[in-house]
Amino acid sequence: MNQIEFLQVIAPFKDKVFRLAKRLLVSTEEAEDATQEVLVKLWNKNESLDSYSSVEAFAMTITKNYCLDQLKSKRAGNLQIVHSNYTDRQPSLQQQLEDSDTLTWVEKIINDLPEQQRLIIQMRDVEEYEFAEISKILEMNETAIRVALSRARKTIRENMTKTHHYGIG
């Protein structure tokens, strides 16, 4: 596979690799490094990529494993939280503040979830992967994924309800 063919194969999911890395590593810089590492690993295997039923699933598995290795390493202590909120519409300033506050709380709650639930929320609700794809990537059965997703969503919902009913605290 030449360089152009390789780029055509990875282009549709390159951003998903970055977003998964960012969800796991939190730091934009670390996520960019992880994305580059994953792309290098894919390039090194470019001759055998055709043998994978889903190159995207393979890339996401590599990303997950690389990021988890990074989190286990000593460098994980140096990661800093970097939030970047993006909106392509122009709501009122009040609405922007409320949205930002809600997003910050949801991100905090997601980041406090157990690692497995965090991964599943990212893949299903953010990246919109099908359960079968998540099952392949995480090497779990679909029922376990559905249960973990349900628990994660329930935790997020309960924490957001507490925040909105009782204020910050």
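Residues numbered from 1 in each chain as written. Predicted model: local features only at pLDDT ≥ 70, side-chain atom pairs only at ≥ 80, totals over all residues. Heavy atoms only, no water.

Visitor: Could you clarify how one ought to interpret the pattern of salt bridges in this entry?
Guide: Here the structure, examined in full by the defined rule, presents seven salt bridges. Here Asp112 ties to Lys108 by a salt bridge, and the two come within 3.2 Å at their closest N and O atoms. Here the residue Asp112 and the residue Lys108 both occupy positions in helix H5 (residues 93-112), the gap between them amounting to four residues, near one helical turn. A relative accessible area of 44% places Lys108 in the partly exposed class. A salt bridge links Glu158 to Lys154, with the nearest nitrogen and oxygen atoms 3.9 Å apart. Note that Glu158 and Lys154 are positioned in helix H8 (residues 142-166) at a spacing of four residues, about one turn of the helix. (Salt bridge = Lys/Arg side-chain N within 4 Å of Asp/Glu carboxyl O. Helix = DSSP H or I, 4+ residues; strand = E, 2+ residues; numbered from the N terminus. Buried < 20%, exposed > 50% of the residue type's maximum accessible area, 1.4 Å probe, protein only.)

Visitor: Quick question: what am I supposed to make of the packing of aromatic side chains here?
Guide: The description of an aromatic ring pair rests on the distance of the ring centres and on the angle between the ring planes. One pass over the structure, following the stated rule, counts zero aromatic pairs. Positioned above the aromatic ring of Tyr129 is the side chain of Lys16, whose terminal nitrogen or guanidinium carbon lies 4.8 Å from the ring centre. For the cation-ring pair, Arg146 lies above Phe131, with the distance from its terminal atom to the ring centre recorded as 3.9 Å. (Phe/Tyr/Trp six-rings, centres within 6.5 Å; stacked < 30°, edge-to-face > 60°. Lys NZ or Arg CZ within 6 Å of the ring centre and 35° of its normal.)

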